[in-house]
Amino acid sequence: MRRIVSCLALLLALATAGNAAQGGANKEPLKIKSDTLNTDNDKKTAIFEGKVVARQGDMTLYTDRLVVSYSGPNNEVSQVEAFGNVRIVQEERQATGAHGVYDPKLARIILDGNPKVVSGEDVVTGRIITYYVNEQKSVVTSGPKERVEAVIHPGGKNAGAKP
Amino acid sequence: MHNFNNFKRFLGVLAVVASLLVVATILFRMQQEVAPKLSVRKLPLQVDVSLQKFHYTETKQGIKRWELTAERADYNKQADISYLSGVIMLVHGAGGVGDLQITAQRAEYHNGTRDVVLTGDVRGKSSKGYQFFAPRVDYVAARSLLKSSERVRMTDIGSELEGTGMEYYTQTRKFKLLKDVSAVYRQGGE
């Protein structure tokens, strides 16, 4: 039972059904601003550092350091990894953590390092939060010694749009 | 008697005409010696040697590192600098990184350090497909480094990068944009 509890994944719908129709945000161009950029054409990586702001569609990611990996003949972005003070904002929702990995093809962000999803007054924390950008939903996974915590305000102004 | 006088007059006129011809010939030759025609264009000040279709190759341990071609090169011996126009710099890549061709309107080639200062619509194009654009780029030969303090734009398949200040290591093809960076990645490589 403890194992089951430790592997508990809490699936929380983040938006109304209409939000699912917003799929395709990952087809939008990824626009990044930063202080500096280091690129390595051998490794096919670009490292953005200093007040990094990355935007794709209606999602904005803030972090200290962002590593963009690209591959294939068209240099498609295969992975975006954020390090330090990661904050992802999409409409009224905000996800934070110390580290995050964004897979544009799957339109999925995996956040760790004390991750938290906040929507209005509602808060969910866990060991790992997987955030599905197009569906605007998140899966929160507990750790072996920590459980998922959720603070939901059913009567709040954001009722119906849980984190 | 009358005929004899006519003959004397004829000889006098002939002597005067011959003298005039001699004087005219001397004057004409003197004129030619004073102002000979210029067959070579005058060099600008501070230029000791001017070359058309300049080509220079830098090698290291028998391997070509880079080549510099220019429509014209004016060499100033005192400054030990060659001023180039219509410039093409070809940087040969090591380890399969491909060649990089840089064109510029003008360049200064410093003979002592072998550094090159490229100015005026500087464009770099790699055999791998990416390009960069800047108003001025300096090549530091000792570090195989292209650097610029100006606004630099780089394009590749599916991406556009822009920043102020660039460091581009030609042997490894790693580059840095030093401040105010903006980048756009288009999915699908459009």
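Just so it is clear, the model here is predicted, and its values are computed rather than measured.

Regarding unusual backbone geometry
- Despite not being glycine, Asn114 of chain A shows a phi value in the positive range, around 55°.
- Take Asn114 of chain A: it is sitting in the loop between β8 (108-112) and β9 (116-119).
- Owing to a relative accessible area of 67%, Asn114 of chain A belongs among the exposed residues under this scheme.
- In this model, Gln61 of chain B sits at a positive phi of 50°, which is unusual for a non-glycine residue.
- Within the secondary structure, Gln61 of chain B sits in the loop between β1 (49-60) and β2 (63-76).

Digging into a nonpolar patch on the surface
Residues and elements named next belong to chain B.
- On the surface, Val22, Val23, Ile26, Leu27 and Met30 cluster together into a nonpolar patch covering about 460 Å² of accessible area.
- Structurally, Val23 is set in helix α1 (residues 2-34).
- When its relative accessible area of 45% is taken as the criterion, Val23 is described as partly exposed.

Overview of the interface of chain A and chain B
- Between chain A and chain B, the residue contacts involve 27 residues of the former and 23 residues of the latter.
- For the pair chain A and chain B, the summed buried surface comes to about 2,000 Å²; carbon and sulfur atoms form 47% of the total.
- The largest per-residue losses of area from chain A upon contact with chain B belong to Leu37, Thr39 and Asn41 of chain A, which jointly make up 25% of the total buried on that side.
- At the boundary of chain A and chain B, one finds one salt bridge.
- Where Lys174 of chain B meets Asp40 of chain A, a salt bridge forms, and the shortest distance between an N and an O atom there is 3.6 Å.

Here's the deal with the UniProt feature "domain: Organic solvent tolerance-like N-terminal" (unreviewed entry) in chain A
- Residues annotated by UniProt as "domain: Organic solvent tolerance-like N-terminal" (unreviewed entry) correspond here to residues 31-137 of chain A.
- Secondary structure across residues 31-137 of chain A divides into 0% helix and 74% strand, with the first and last C-alpha atoms of the span separated by 23 Å.

Some words on the pairing of strand β7 (residues 93-103) of chain A
Residue and element names in this part refer to chain A.
- Relative to β7, strand β6 (residues 76-90) runs antiparallel, the two sharing nine bridges. Counted as the bridge partner of Ala82 is Gly100 from β7.
- The antiparallel pairing of β6 with β7 creates a hairpin that spans two residues between the two strands, and Glu91 there sits at a positive phi of about 50°.
- As paired strands, β7 and β8 are joined by five bridges and run antiparallel to one another. Following the sheet pairing, Asp103 is matched in β8 by Arg108.

Describing the nonpolar core
- One finds Ile32, Phe48 and Leu66 of chain A together with Phe132 and Tyr185 of chain B to be the most contacted residues of the largest nonpolar core, which totals 62 residues.
- What Phe48 of chain A contacts, discounting residues up to four positions off in sequence, is Ile32, Ser34, Thr36, Leu37, Asp64, Arg65, Leu66 and Val68 of chain A together with Val181, Ala183 and Tyr185 of chain B.

Describing the environment of Tyr131 of chain A
Residues and elements named next belong to chain A.
- Mapped onto the elements of the fold, Tyr131 is located in strand β11 (residues 128-132).
- Spatially, the C-alpha atom of Tyr131 lies 18 Å from that of Val77, the residues being 54 residues apart in sequence.
- Only 2.5 Å separates the side chain of Tyr131 from the side chain of Gln90, close enough to count as a polar contact.

Focus on the confidence of the model for chain B
Residues and elements named next belong to chain B.
- In this model, chain B carries an average pLDDT of 85, and 86% of its residues clear a pLDDT of 70 or more.
- Within chain B, no element has a lower average pLDDT than α1, which sits at 78, and none a higher one than strand β6 (residues 131-140), at 96.
- Both confidence scores are given for the complex: pTM 0.75, ipTM 0.76.

What counts, and where the lines are drawn
- Here the residue index of a chain counts from 1 through its sequence in written order.
- Labels follow written order: the first chain is A, the first ligand is 1, and so on.
- Thresholds applied to this predicted model are a pLDDT of at least 70 for local features of residues and 80 or more for the giving and counting of side-chain atom pairs; totals over whole chains, interfaces and linings are not thresholded and use all residues.
- In computing side-chain values, all of the structure's heavy atoms are included and hydrogens and water are not.
- Strands here are runs of E lasting at least two residues and helices are runs of H or I lasting at least four, both read from the DSSP assignment and numbered beginning at the N terminus.
- Here's how the labels work: a residue is buried when its accessible area is under 20% of the maximum for its type, exposed when over 50%, partly exposed in between, all with a 1.4 Å probe on protein chains only.
- Note that patches include only residues with greater than 30% relative accessible area and no salt bridge, and the join distances are 9 Å for like charges and 5 Å for nonpolar side chains (Val, Leu, Ile, Met, Phe, Trp, Tyr).
- Surface accessibility in these figures is a Shrake-Rupley result with a 1.4 Å probe; residues are shielded only by whichever protein chains are displayed.
- Basic side-chain nitrogens of Lys or Arg form a salt bridge, by our definition, when they fall within 4 Å of a carboxyl oxygen of Asp or Glu.
- Any pair of residues with heavy atoms lying within 4.5 Å of one another is described as a contacting pair.
- Buried area is a sum: the accessible area each of two parts loses on coming together, probed at 1.4 Å, counted once for each and added.
- UniProt positions are given in the numbering used here, feature names are shortened, and annotations may be inferred rather than shown by experiment.
- A pair of strands is labelled paired if DSSP reports no fewer than 2 bridges between them.
- By convention a nonpolar core is built from buried Ala, Val, Leu, Ile, Met, Phe, Trp, Tyr and Cys residues, the set being connected through side-chain atoms within 4.5 Å.
- Polar contacts, as counted here, are pairs of nitrogen or oxygen atoms within 3.5 Å of one another; within protein the pair requires one atom able to donate a hydrogen and one able to accept it, and residues that are adjacent in sequence qualify only if both atoms are side-chain atoms.
- For every residue, the predictor reports its confidence as pLDDT, a number between 0 and 100.

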